Amino acid sequence: MQYLSTRGEGAAVSFSEALLAGLAPDGGLYVPAAWPRLEPRDFNAATTLSQVARTLIAPFVAGDTLEGALEAITADAFDFPAPLVAVPGAGYSVLELFHGPTAAFKDFGARFLAASMARLRAPGARPLEILVATSGDTGGAVAAAFHRRPGIRVAVLYPKGLVSPAQEQQLTCWGDNVQAFAVRGSFDDCQQLVKAAFVDTALRARFDLSSANSINLGRLLPQAAYHAATALAIWRAEGRAASFVIPSGNLGNALACIWARHVGLPIGEIVLAHNANRTVPDFLAGERWQPRRSIATLASAMDVGDPSNMERLRALFPEFATLKAAVSAEVVDDSAIRRRIAGDFAAHGMIWCPHTACAAEVMARMPAARRTQSPWVIAATAHPAKFREIVEPLIGRPVPIPQSLARLYERPSASVPLEPRLDALRDAL
Ligand SMILES: *Cc1c(COP(=O)(O)O)cnc(C)c1O
């Protein structure tokens, strides 16, 4: 399998090349040059999540250096469950994607990428330095996934004083091969610094530099696996195609679900639940594509005004009519998020994080006729304990902390203060 840039320039590359490069040289995103075709019966022997992942991803790594290691990589990355839980009295189910080390769905993609990159290092090669600028959530998942991977170091750059204490702990609690830098500046300063580092000859002479962005194919593709496993479980149980509501920001999680359906998994509707950042819903409603600055909302991991994966979605469905038939999108503002968190706890005993609450709100608004057409699943993208300061006042009680997070909170934390200048970063690495 070969991969091409969405912008159509440059040569086709292999899976591992796409994974190590992150972005294509023309600034586009990598997409498969051809689509494999799979049917539910191709998964007959796959009973666990990691086996479904292996069957699904196998045609995408066919002929690649990583092909022989795929079984080990999927076993390594998918070593925690993604249970499907019925919401009592609500007529839909929730796919819990928050049982990984940092209690959010990004753990799946980050772990697959880390497991793959670790296997691409030749013994005795120069160290691989992964540089990550983070405004909070992504950095934790990447740091956790790469922690103690031999031959790889991670530098996480975050804006000092601008992330929550819980987020800071998730960035700074690792040690070993993970360094956390508290940058005296904004998130944009952190991003600028990472960008400058990538083109710095002095740094390039010392390290192989790579990123672990969410647009990386190695993070995107594995996210198709839990949608596939869920759709297969429902297909086997009731012979119907499941439909999904997915809390969306940069569209990585939703696009993975669309890719799963595209290769042949039994998936019906896919609905994107956005917060007040309405670029995608407005576009699907017929307005022209108009990226904008992001607005801060309660569902902060979805505060994206210019979603990069739209480029991949439009590459898959170049015709507007086909794109509109493939996905729909809704806007959920902060007041609706608050009401939904309080209301669903009272009505169903479920505690949502603010992102998951957007999907629950979309379900609540759905007319009964559409709701009964398909078994509906909402994706729970983070554990509510990660957003206690928002959730607890709304439900009037403490949110139980899962073991994964409790373990992180117990670890000692350490970070290095850093001025937002390239020479300071050079010295610190
Ligand atoms: C990143 C994130 C999202 C948005 O996912 P995308 O793939 O960017 O659309 C939603 N919820 C949580 C908790 C996240 O961390």
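For the structure itself, consult the block above.
Residues numbered from 1 in each chain as written. Predicted model: local features only at pLDDT ≥ 70, side-chain atom pairs only at ≥ 80, totals over all residues. Heavy atoms only, no water.

Participant: Mind showing me how you'd approach the side chain of glutamate 96 here?
Facilitator: Its place among the elements puts glutamate 96 in strand β4 (residues 93-96). One buried charged side chain, glutamate 96, makes no salt bridge at all; its nearest oppositely charged neighbour is arginine 407, positioned 15 Å away. For glutamate 96, the side chain forms a polar contact with the side chain of histidine 99, separated by 2.8 Å. (Helix = DSSP H or I, 4+ residues; strand = E, 2+ residues; numbered from the N terminus. Buried < 20%, exposed > 50% of the residue type's maximum accessible area, 1.4 Å probe, protein only. Lys, Arg positive; Asp, Glu negative; His and termini not counted. Salt bridge = Lys/Arg side-chain N within 4 Å of Asp/Glu carboxyl O. Polar contact = N/O pair within 3.5 Å; in protein donor to acceptor, adjacent residues only side chain to side chain.)

Participant: Whenever I open this one, the pattern of salt bridges confuses me. Can you help?
Facilitator: Pairing between side chains becomes possible if they bear opposite charge and their charged atoms approach one another. Counted by the stated rule, this structure contains 23 salt bridges. Glutamate 392 is paired through a salt bridge with arginine 388; the nearest N and O atoms lie 3.2 Å apart. With glutamate 392 and arginine 388 both in helix α18 (residues 388-395), this residue pair falls 4 residues apart, about one helical turn. By relative accessible area, which is 33% here, arginine 388 ends up partly exposed. Linked by salt bridges that have partners in common, Asp76, Asp79, Arg111, Arg119 and Arg149 make up one network.

Participant: Would you mind going over the environment of arginine 314 with me for this structure?
Facilitator: Positionally, arginine 314 belongs in helix α13 (residues 310-316). Separated by 100 residues in sequence, arginine 314 and serine 214 place their C-alpha atoms 18 Å apart. Sequence-distant contacts of arginine 314, defined by excluding residues within four places in its chain, comprise Phe283, Trp289 and Leu323. (Contact = heavy atoms within 4.5 Å.)

Participant: Sorry if this is basic, but what is going on with the sheet that holds strand β12 (residues 376-380) here?
Facilitator: Strand pairing within a sheet occurs via backbone hydrogen bonds; the two strands may be parallel or antiparallel. Spatially, β3-β4-β12-β9-β10-β11 is the arrangement adopted by the 6 strands of the open sheet, whose pairing is mixed. Looking at which strands have only one partner, the edges of the open sheet turn out to be β3 (84-86) and β11 (328-331). Across this sheet, the average inter-strand angle for adjacent strands is 25°, counted without regard to direction. Note: strand β9 (residues 242-247) against β12, 3 bridges, orientation parallel. Paired with serine 243 across the bridge in β12 is tryptophan 376. Along the sheet face, helix α11 (residues 252-262) touches β9 and β10 (267-274) and points at about 170° away from the line of β10. Sheet contacts for helix α16 (residues 354-365): β9, β10, β11 and β12; angle to β12, the most-contacted strand, approximately 160°. (Pairing = 2+ DSSP bridges. Axes fitted to C-alpha atoms, helices over the stretch in contact; angles between N-to-C directions.)

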